Amino acid sequence: MCKLFSKYILIRGVFIAMPSHPSFVEKYLPYILIAPALGYMLFFIGYPLIQAIYLAFTKNGALSLENLDYLLHSPFSKFYEALTNTFLLVIVIIPIQVAIALGLAMLFNIKFKGRNVALYSIILPLTISDVAAGLIWYTMLSTNGFFNKLFINLGITSEPIYFFGYQFRQMEFLAIVITEIWRATAIVFVIVFAGLQMISQEHIEAAEVFGANVWQRLRYIVFPMLLPSLQAALIIRTLFAFQIFGVVWTLAGRDIPILAGEAYYEQVELKHQGVAAIYALVIAGISVAIGYLYIKLFKAKYLEAGT
Amino acid sequence: MVDVKLRGIVKRFGKTVAVNGIDLDVRDGEFIVLLGPSGCGKTTTLRIIAGLEKPDEGRVLFGDRDVTYLPPRERNVSMVFQSYAVWPHMRVYDNIAFPLKIKKVPKDEIDKKVKWAAELLQISELLNRYPHQLSGGQRQRVAVARAIVVEPAVLLMDEPLSNLDALLRVKMRSEIKKLQRRIKVTTIYVTHDQVEAMTMGDRIAVMNQGKIEQVGRPDEIYLKPANVFVAGFIGSPQMNFFDATIYIEKDKAVLDVGDFKLGLNKDLIEVLKDYEGKTVIVGIRPEHIYPENLIPSTTKKVAKVEGIVDFVEELGSDTIVHVNTGSQILVLKISGSHHYEIGSKLVIALDLDKIHVFRKDTEKAII
Amino acid sequence: MVEKDTSMVKYYLFKIIIAGLVIIAVLWVITPFIISILYAFSDPTDYYSKEIIIPLHYTYEHVRKLVALGAGTAIINSVIVALMTIALSFALGLPAGYAFARFVFPGKDSLKLFIIGLRMFPIIVIAVPLVSLYIRLGLSDSLLGVALAHTAMALPFVIIITSSIFAGIPKELEEAGLIFGLDRTGAFLRITMPLALPGLAAAAIFTFIMSWNEVFIAAVLTLTNRTLPAFILTSAMAATDFIKFAASFIMILPAMIFVFIARRYLIAMWGITLR
């Protein structure tokens, strides 16, 4: 396109004696506008990555596997636990979130009075930090918290249910799952809902006219057309889920070690820069792998076929 | 194949009344066009027949069957949507096969029918493509093929040609009409384009503000418009309208416009005498006003008026002349190419047999 | 008529079920907000009383204590970081967003795809290696350092949002400006900018919330100059329950106010940035 543009100027130049070349700035203007942003991001992602590799695998300027050895074999390192817990949280949380978000999106696709107010309420958790979400659910679940008092007063339980503390780790895990579902389902919902709204009503009505019942309309029309949005939602939610930190740290601390939490702990509390760097690299590696996997797995066939 | 009856259909959306009491009989195998400006309720009426909307009042009958509250799938209707609504994630073949698949038609029969419909619409080579690989016209054919493949009782079309370019629209117009004649399906076709309505419809129902203004064959609608709205909506350029006062002389009824008077035949006295002294709306089509030197030999009686040429549009096949008679600007449509100087004098002749008279209060046709 | 009656019953039953589901969903999301705000102001005796679920006596004491512990400075730090992040990410991202919206150039699609891809990068991991760089640059434990890292996090979003805002303003309006005597810069400043302003304001709020809520980078990069989430993460954890409630209240308040102001834009914006 740029070539065409300069040619056009050239032709014009021949005929009406205009400047025969656009100025340098004019010709490369879009690149000049994009370059600073792109350069900034490349530096702030590229440099730390290289630095992380350096930190991870050197000691006093020489190549060393000491950090890796600590990570994998030291009794103080909780790497395997962190890896297991992070994956476990992702595996438990994501399917529930996707199911709820899909259901909510279908629900909110129906027009009803007060839909906008309900919509704003539903997405409210999107706006708060994970630390705040953790504290809010601490309020709900603590021994003197809302749910324990409610349940005891309703006679559902006679003793408070303990959610927090090292000896109640399984309940802590449950609290984390509840909080994450409360907090981050909205992200999946917003994407799926936007995708659902983009499906033209006529496509669904056409299926209705041609005899499809509610289930068939979902199965043959809505769901396949929603697939790209669902894919986007899954990628984003999964990537964020692997970075889970604030909620776990506020609700369970290191009772339930997770990758980002261990990175934080090694870096800030123990000053093990190299070990923290390996955690960072592991999270980055998992993210890239997940992104690649999803794109390979879900392919909306009809979007791929060439013209 | 079935006839369709609408009885007192009313549909409201909140406070707005989209359809305000419609009665319509569509005969078996007929091609009827719902014609009207945007927002007149024609699409809503179609969607009520489809079952996509439930009316607030009234009944929809297919033959003797009351289908008012039946969902679309129990009505055996088909529809071509304005946006075509060809599903982007299905190949052309699967799009056309979908209605049959839902009805659990055996596979080999589906195959036969899809190929039949594709052949009819000349899209056999496209069956393996995805919709985004098709042009607008091809997508439109897919939508029509999908609609006829089930051999529906009633075929509904919602402005199916409005998204096509002008040339293709003319071509598809005749193709859809021919196709309908061939498969003889009861068809209800919605459009805002009067040319489409005139060329395709066996009958036309002209709609305005949620009501049917007139139902009739295209020539009836054109020659005998029931009211000012229909008269003004059909025909291009628009019919000339002006106010006149009626008085009756011994052997004729006279329309007094002010600048000029129009003396009508004696036989109209009977009809017009009730309106003596009252103001009425007079209408005459641009093609029924002639320059003095171009009066067709078949014309029996004219009224001549002198005016000044105000504006001329030369279209090649026709010439449109705007003539200022003092109080009115009358528009003439003369066939062929003619040249008139703006500002020059011109004597024009109004064909008195082609004059329409409407009541001023109800705007209904008197003659 | 029978058909009509059964379909009417079905219709209302459907409506009731829908209403019920919506109410459950809204309550599930809203209740924790309300409860945590009420508890943040609850009198300790009400909190420890087993019979009182919704507190009856209220006090400002917990919020006051939290501020005295250092939350006041932390809030100011958070605001400074967020504002610096907005300034930096808009200075860098706005021109790029405009270029993507208005120009056709070779490599445009792949560049855009690349930036969308960068959005997926787990940006928190850059915090760890940045520490040693910041020590060398004299940026360690500084608010600017946090803002620089937050800018890297916000930049892809700012580019995507601004480009969609600019793309939504018809090019013809700018071209009309060019015809009637403005140069490119003038046309941008006097025609496109005023039209884009409401959208850009919402984008700024979006950026503010992103920075305000970020905890990992801030906690790793600062030691004494904590932003609010970092401060709460490190200080409030060991404190009493009331301090935790007060902390959650202080953290969610500004975000909720901003969301209320920009609610219409925010839904659309999440739609754009997350797709």
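Residues numbered from 1 in each chain as written. Chains lettered and ligands numbered in written order. Predicted model: local features only at pLDDT ≥ 70, side-chain atom pairs only at ≥ 80, totals over all residues.

As a further point, take the overall build of chain A. Summing up its helical and strand segments, chain A has 15 helices and two strands in all. Counting only contacts in chain A whose residues sit at least 6 apart along the sequence, the fraction spanning at least 24 positions is 67%. (Helix = DSSP H or I, 4+ residues; strand = E, 2+ residues; numbered from the N terminus. Contact = placed C-beta atoms within 7 Å.)

Okay, the environment of A:Leu281 next. Residues and elements named next belong to chain A. Considering the arrangement of structural elements, one finds Leu281 in helix H14 (residues 273–297). Once the C-alpha coordinates of Leu281 and Ile50 are considered, the two residues, 231 residues apart in sequence, prove to be 10.0 Å apart. If we skip the residues at most four places from it in the chain, Leu281 touches Ala52, Ile53 and Ala56.

The next point concerns the domain arrangement of chain A. Residue and element names in this part refer to chain A. Entries for chain A in the domain assignment read domain 1 (2–64) and domain 2 (80–299). For domain 1 and domain 2, the distance between their C-alpha centres works out to 38 Å. For the side of domain 1 that touches domain 2, the class distribution of residues is four nonpolar, no polar and no charged. (Domains from an automatic or database assignment. Nonpolar A, V, L, I, M, F, W, Y, C, P; charged D, E, K, R; others polar.)

Moving on, we come to the sheet that holds strand E10 (residues 211–216) of chain B. Residue and element names in this part refer to chain B. Pairing within the open sheet is mixed, and its six strands lie in the order E6-E7-E8-E3-E9-E10. Because the sheet does not close on itself, it has two edges, and the strands there are strand E6 (77–80) and E10. Adjacent strand axes in the sheet meet at a mean angle of 20 degrees when their direction is disregarded. Relative to strand E8 (residues 186–191), strand E3 (residues 31–35) runs parallel, the two sharing five bridges. (Pairing = 2+ DSSP bridges. Axes fitted to C-alpha atoms, helices over the stretch in contact; angles between N-to-C directions.)

Turning our eyes to something else, we now look at the sheet that holds strand E5 (residues 65–66) of chain B. Residue and element names in this part refer to chain B. An order of E2-E1-E4-E5 is seen for the four strands of this open sheet, with the pairing classed as antiparallel. Taken across any chain shown, the strands that pair with only one partner, and hence form the sheet edges, are strand E2 (16–26) and E5. Relative to E5, strand E4 (residues 57–62) is paired through two bridges, and the arrangement is antiparallel. Bridged to Leu61 within E5 is Asp66. Helix-sheet contacts for helix H1 (residues 42–50) involve strand E1 (4–13), E2 and E4, and the interaxial angle to E1 is about 120 degrees.

Here we come to the interface of chain A and chain C. Interface size, as often reported, equals the accessible area lost upon joining of the parts. Contacts between chain A and chain C engage 76 residues on the former and 71 residues on the latter. At 15 residues, the largest contribution of residues to the side of chain A that touches chain C is made by helix H3 (residues 29–57) of chain A.

It helps to recall that an α-helix has 3.6 residues per turn; residues three or four apart then point in one direction. The complete set of buried residues in helix H5 (residues 127–137) of chain C reads C:Ala127, C:Val128, C:Pro129, C:Leu130, C:Val131 and C:Tyr134. Buried-residue contacts for H5(C) involve H3, helix H13 (259–269) and H14 of chain A together with helix H6 (143–167) and helix H9 (216–221) of chain C. Once H5(C) finishes, C:Gly138 follows within two positions and takes phi at roughly 75 degrees, a positive value. (Buried ≥ 20, exposed ≤ 12 C-beta atoms within 10 Å, placed from the backbone.)

Turning our eyes to something else, we now look at the packing of H13(A) against H14(A). Each pair of packed helices gets described by two things: the angle between the helix axes and the distance between those axes. Residue and element names in this part refer to chain A. For the pair H13 and H14, interaxial distance at closest approach is 8 Å and the crossing angle is 160 degrees. The orientation of H13 with respect to H14, classified from their angle, is roughly antiparallel. The handedness of the crossing between H13 and H14 comes out as left-handed. Residues Leu259, Ala260, Glu262, Ala263, Glu266 and Gln267 of H13 form the contact with H14, whose participating residues are Gln273, Val275, Ala276, Tyr279, Ala280, Val282 and Ile283. (Parallel < 35°, antiparallel > 145°, perpendicular 65-115°, else oblique. Left-handed = near helix turned anticlockwise from the far one by under 90°.)

All names here are of chain B. Where E3 lies against strand E9 (residues 203–208), four bridges are found, and the strand directions are parallel. Each bridged residue has a counterpart across the sheet, and for Val33 the counterpart in E9 is Ile204. With five bridges joining them, E9 and E10 adopt antiparallel strand pairing. By the bridge assignment for E10, Val206 is matched with Gln214.

To continue, consider the domain arrangement of chain B. Residue and element names in this part refer to chain B. For chain B, the assigned domains read domain 1 (4–233) and domain 2 (240–359). Here domain 1 and domain 2 have C-alpha centroids that lie 39 Å from each other. Taken together, the contact pairs four residues of domain 1 with five residues of domain 2. Looking at side-chain class alone, the side of domain 1 that touches domain 2 contains three nonpolar, one polar and no charged residues.

Bringing the pairing of E3(B) into the picture now. By the criterion of burial, E3(B) is predominantly enclosed, with five of the five residues buried. Side chains B:Phe31, B:Val33 and B:Leu35 of E3(B) all project onto a buried face; the interleaved residues B:Ile32 and B:Leu34 project onto the opposite face, where all are buried too.

Turning our eyes to something else, we now look at unusual backbone geometry. Negative phi values dominate among residues other than glycine, just as trans dominates among peptide bonds. Residues and elements named next belong to chain B. Pro237 follows Ser236 through a cis peptide bond whose omega is -5 degrees. In this structure, Pro237 sits in the loop between helix H8 (228–233) and strand E11 (240–248). With a phi close to 60 degrees, Gln122 is a non-glycine residue in the positive phi region. Within the fold, Gln122 resides in the loop between helix H3 (107–120) and helix H4 (136–148). Despite not being glycine, Glu159 has its phi angle at roughly 40 degrees, a positive value.

Our focus in this paragraph is H3(B). Residue and element names in this part refer to chain B. Taking 1.5 Å as the rise per residue, H3 with 14 residues should run 20 Å; its terminal C-alpha atoms sit 20 Å apart, in good agreement. Considered for burial, the residues of H3 that qualify are Ile110, Lys113, Val114, Ala117 and Ala118. The buried residues of H3 occupy an angular sector of 135 degrees when projected down its axis, which confines them to one face. Those residues of H3 that are exposed and angled more than 90 degrees off the buried face are Asp108, Glu109 and Glu119. Considering only its buried residues, H3 is in contact with helix H2 (92–102) and H4. The positive-phi residue at the C-terminal boundary of H3 is Gln122, with phi of around 60 degrees. (Expected span 1.5 Å × (residues − 1). Arc of directions from axis to C-beta.)

Look at H14(A) against H5(C): their axes get within 8 Å of each other, and the N-to-C directions meet at 140 degrees. In terms of orientation, H14(A) lies oblique with respect to H5(C). For the pair H14(A) and H5(C), the contacting residues are A:Gln273, A:Ala276, A:Ala277 and A:Ala280 in the first and C:Val128, C:Pro129, C:Val131 and C:Ser132 in the second. Split into classes, the residues belonging to the contact of H14(A) with H5(C) amount to six nonpolar, two polar and no charged.

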